[in-house]
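Residues per chain are reported as follows:
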Amino acid sequence: MRRINRFGLYALGLLLLAAAGQARPGENPARPKRNVIMIVGDGMGLAAVAHARIQKYGAGPEAGRLHMERLPVLGYIYTSSADALVTDSAAAGTALFAGEKTNRGCLGVDATGKHLKTVFEEAGELGLAVGVLTTVPITHATPAATYAHVNKRRDYEEIFNWLLRSKFQVLLGAGKTPDNRYLPADFAVRAREAGFAVCQTAEELAALQRGPVLGVFGRESLAYEFDRREKPSDDPHLADLVTKALNLLASDPEGFALMVEGGSIDSAAHEGHFGRLQEETLELDRSVALVCDWVEKHSSWEETLLVVTADHETGELAIRDPRPDEEQDAYNGSAQANLPAAGKPAGCRFGSAAHSAVPVMLFARGTGSELLAGVRDNTEVYRALRARLKK
């Protein structure tokens, strides 16, 4: 009996030593990597998604689905701001990334002007690498909602100052204009002084090996995908930005948080240009495909949460039977008596050139995605992203 007790004490001692080796005093147990990827189609309403799917795969029960539509969790998001039923990108971005309603035009502050910490800033504080990508100016409302805290969304000088203080590892977008509206004339000098590498061509982007980096390409925005058919451009595609960001961020041992914006969907809808809107939505979907492929090859859905949604709907876009119509642009040229086949667009009509309060769709996959299923408010997206960071 005495021998058994001695053996039991010896075994217990070994267990305690092993436990002490795994979590020594003053140390935190090793945490698995956490990757949070948020893809935002600015102004991408349900009709924009459906039009893109019809253009690529056709209509009917046998037609294929966009990559975003193949994600298993589906949500339905209301988008109002603190001061209006119809929001803007600043208030919507603040709700998505900081979890509180604010007034239109406000970025990273609540309706009283109090600064709100964004989920991307929290990710950086937790030791994760952070990236922000867009097809429009990097100081535009949606990307700025990840790092800036201002009462006026068009205070681009102050927004750029917040960008320099962000210490994010990857910031890629557009914004060079002759009047220096979105970025100061000396943005590259100031960015280098703040510790960023600066790249301004697709070749420089391809050669980049490490961050932190500020990449500014094109002019006010990257060239529209639709326009590149007739006028090739040296601008990188959104998918190129995503590929580079994943390569740069993936080496962080803690994981990363990445926001990808298809900002030119909104621009095309404001312009009432159906062809541009479809092609920008399809380019966003190519980015979703790239992310899914990366997760399955280099990470896992246990490590990663992917969310695809919009900040609001733009254009009050309708879906109609395909037919020649002077209200449609040249992209919509031929009549069909049956359902559109792949490569043939449906009929369309814009109800306005403005935003609407029509709810937007959300698609998600990965750890924590179940928190976003069903009917939600846009502030709940922040809570799900934050919950994933804290696990």
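Residues numbered from 1 in each chain as written. Predicted model: local features only at pLDDT ≥ 70, side-chain atom pairs only at ≥ 80, totals over all residues. Heavy atoms only, no water.

## Some points on the overall build of the protein chain
Okay, so step 1: Secondary structure assignment for the protein chain yields 12 helices and 14 strands.
Okay, so step 2: A burial count over the protein chain gives 54% of its 391 residues as buried.
Okay, so step 3: Contacts spanning at least 24 positions in sequence make up 73% of the contacts within the protein chain whose residues lie at least 6 apart.
Okay, so step 4: Entry remark: accessible area of the protein chain is about 17,100 Å², with carbon and sulfur atoms responsible for 52%. (Helix = DSSP H or I, 4+ residues; strand = E, 2+ residues; numbered from the N terminus. Buried < 20%, exposed > 50% of the residue type's maximum accessible area, 1.4 Å probe, protein only. Contact = heavy atoms within 4.5 Å. Areas by Shrake-Rupley, 256 points an atom, 1.4 Å probe, with all protein chains shown as cover.)

## Description of the pairing of strand β8 (residues 304–309)
Okay, so step 1: The buried fraction of β8 is high, at 6 of 6 residues.
Okay, so step 2: Here β8 shows no split at all, with Thr304, Leu306 and Val308 on one side and Leu305, Val307 and Thr309 on the other all buried.
Okay, so step 3: Across 6 bridges, strand β1 (residues 34–41) lies against β8 in parallel orientation. The residue bridging Ile37 from the neighbouring strand is Leu306, located in β8.
Okay, so step 4: With 4 bridges joining them, β8 and strand β13 (residues 360–366) adopt antiparallel strand pairing. Across the sheet, Val308 pairs through a bridge with Phe363, a residue of β13. (Pairing = 2+ DSSP bridges.)

## Let's talk about the pattern of salt bridges
Okay, so step 1: For the structure shown, the criterion picks out 16 salt bridges.
Okay, so step 2: Put simply, Glu122 and Arg386 hold a salt bridge, and the shortest N to O gap is 2.7 Å. Of this pair, Glu122 sits in helix α4 (residues 119–125) while Arg386 sits in helix α12 (residues 379–390), and the two are 264 residues apart along the sequence.
Okay, so step 3: On the basis of relative accessible area, Arg386 is assigned to the partly exposed category, the value being 32%.
Okay, so step 4: We note a salt bridge from Arg276 to Glu271, for which the minimum N-O separation is 2.8 Å.
Okay, so step 5: A single network of salt bridges, built from pairs that share partners, joins Glu157, Asp186 and Arg190. (Salt bridge = Lys/Arg side-chain N within 4 Å of Asp/Glu carboxyl O.)

## Concerning helix α10 (residues 264–271)
In an α-helix there are 3.6 residues to a turn, and that puts residues three or four apart on one side.
Okay, so step 1: Buried residues of α10: Ser264, Ile265, Asp266, Ala268 and Ala269, and no others.
Okay, so step 2: Taken from the residues just after α10, Gly272 is the one with a positive phi, measuring 70°.

## Looking at the sheet that holds strand β5 (residues 197–199)
Okay, so step 1: In spatial order, the strands read β5-β6-β4-β3-β7-β1-β8-β13-β2-β14; together these 10 strands make up an open sheet with mixed pairing. For this open sheet the edge positions go to β5 and β14 (374–377), each flanked by a neighbour on one side alone. Taking the axes of each pair of neighbouring strands and ignoring which way they run, one obtains an average angle of 15° across the sheet.
Okay, so step 2: Sheet topology places strand β3 (residues 129–137) next to strand β4 (residues 170–174); 4 bridges connect them, and they run parallel. When the sheet's bridge partners are listed, Leu133 is paired in β4 with Leu172.
Okay, so step 3: Sheet strands in contact with helix α11 (residues 274–298) are β1, β7 (255–262), β8 and β13, and its direction is about 170° off that of β1. (Axes fitted to C-alpha atoms, helices over the stretch in contact; angles between N-to-C directions.)

## Description of the packing of α10 against α11
Okay, so step 1: Across the interface, α10 lies against α11 with an axial gap of 8 Å and an inter-helix angle of 165°. Put simply, α10 runs roughly antiparallel to α11. As for how α10 packs across α11, the hand of that crossing is left-handed. Across from Ser264, Ile265, Ala268, Ala269 and Glu271 in α10, the residues of α11 making contact are Arg276, Leu277, Glu280, Thr281 and Leu284.
Okay, so step 2: Taken together, the residues of the contact of α10 with α11 sort by class into 5 nonpolar, 2 polar and 3 charged. (Parallel < 35°, antiparallel > 145°, perpendicular 65-115°, else oblique. Left-handed = near helix turned anticlockwise from the far one by under 90°. Nonpolar A, V, L, I, M, F, W, Y, C, P; charged D, E, K, R; others polar.)

## Description of the side chain of His355
Okay, so step 1: When you line up the elements, His355 lands in strand β12 (residues 355–356).
Okay, so step 2: For His355, a relative accessible area of 17% translates into the label buried.
Okay, so step 3: Engagement of the side chain of His355 in a polar contact is seen with the backbone oxygen of Thr87, the distance being 3.1 Å.
Okay, so step 4: Looking at His355, its side chain comes within polar contact range of the side chain of His270, at 3.3 Å.
Okay, so step 5: Leaving out residues up to four positions away in the same chain, His355 has contacts with Val86, Thr87, Asp88, Ser89, Asp266, His270, His312, Glu313 and Thr314. (Polar contact = N/O pair within 3.5 Å; in protein donor to acceptor, adjacent residues only side chain to side chain.)

## Here we look at a nonpolar patch on the surface
Okay, so step 1: Taken together, the side chains of Tyr76, Tyr78 and Val375 define a hydrophobic patch exposed on the protein surface, amounting to about 290 Å² of accessible area.
Okay, so step 2: Judged by relative accessible area, which is 40%, Tyr78 ranks as partly exposed. (Patch = residues over 30% accessible without salt bridge, like charges linked within 9 Å, V, L, I, M, F, W, Y side chains within 5 Å.)

## Observations regarding the confidence of the model for the protein chain
Okay, so step 1: Model confidence for the protein chain is summarised by a mean pLDDT of 90, while 88% of its residues fall at 70 or above.
Okay, so step 2: Confidence over residues 326–337 falls short of pLDDT 50; this stretch has 30 contacts with residues more than four positions distant or in other chains. (pLDDT = per-residue confidence, 0-100.)

## Quick word on the pairing of strand β2 (residues 73–78)
Okay, so step 1: The alternating pattern of β2 places Val73, Gly75 and Ile77 on a buried face and Leu74, Tyr76 and Tyr78 on a face that is not buried.
Okay, so step 2: Judged from the 5 bridges that link them, β2 and β13 form a sheet pairing that is antiparallel. Across the sheet, residue Leu74 finds its bridge partner in β13, namely Phe363.
Okay, so step 3: Two strands pair when backbone bridges link them, and β2 and β14 are joined in this way by 4 bridges, in the parallel orientation. Across the sheet, residue Ile77 finds its bridge partner in β14, namely Arg376.

## Quick notes on the packing of aromatic side chains
Okay, so step 1: Applying the stated criterion across every chain, the model contains 5 aromatic pairs.
Okay, so step 2: Relative to Tyr182, the ring of Tyr156 lies with its centre 5.0 Å away and its plane at 70°, an arrangement referred to as edge-to-face. Here Tyr156 is found in helix α6 (residues 156–166), whereas its partner Tyr182 is found in the loop between β4 and α7 (187–193), with 26 residues between them in sequence. Each member of the pair, Tyr156 as well as Tyr182, carries the same accessibility label: buried.
Okay, so step 3: The ring of Trp162 carries Arg165 above its face, with NZ or CZ at 4.4 Å from the centroid. (Phe/Tyr/Trp six-rings, centres within 6.5 Å; stacked < 30°, edge-to-face > 60°. Lys NZ or Arg CZ within 6 Å of the ring centre and 35° of its normal.)

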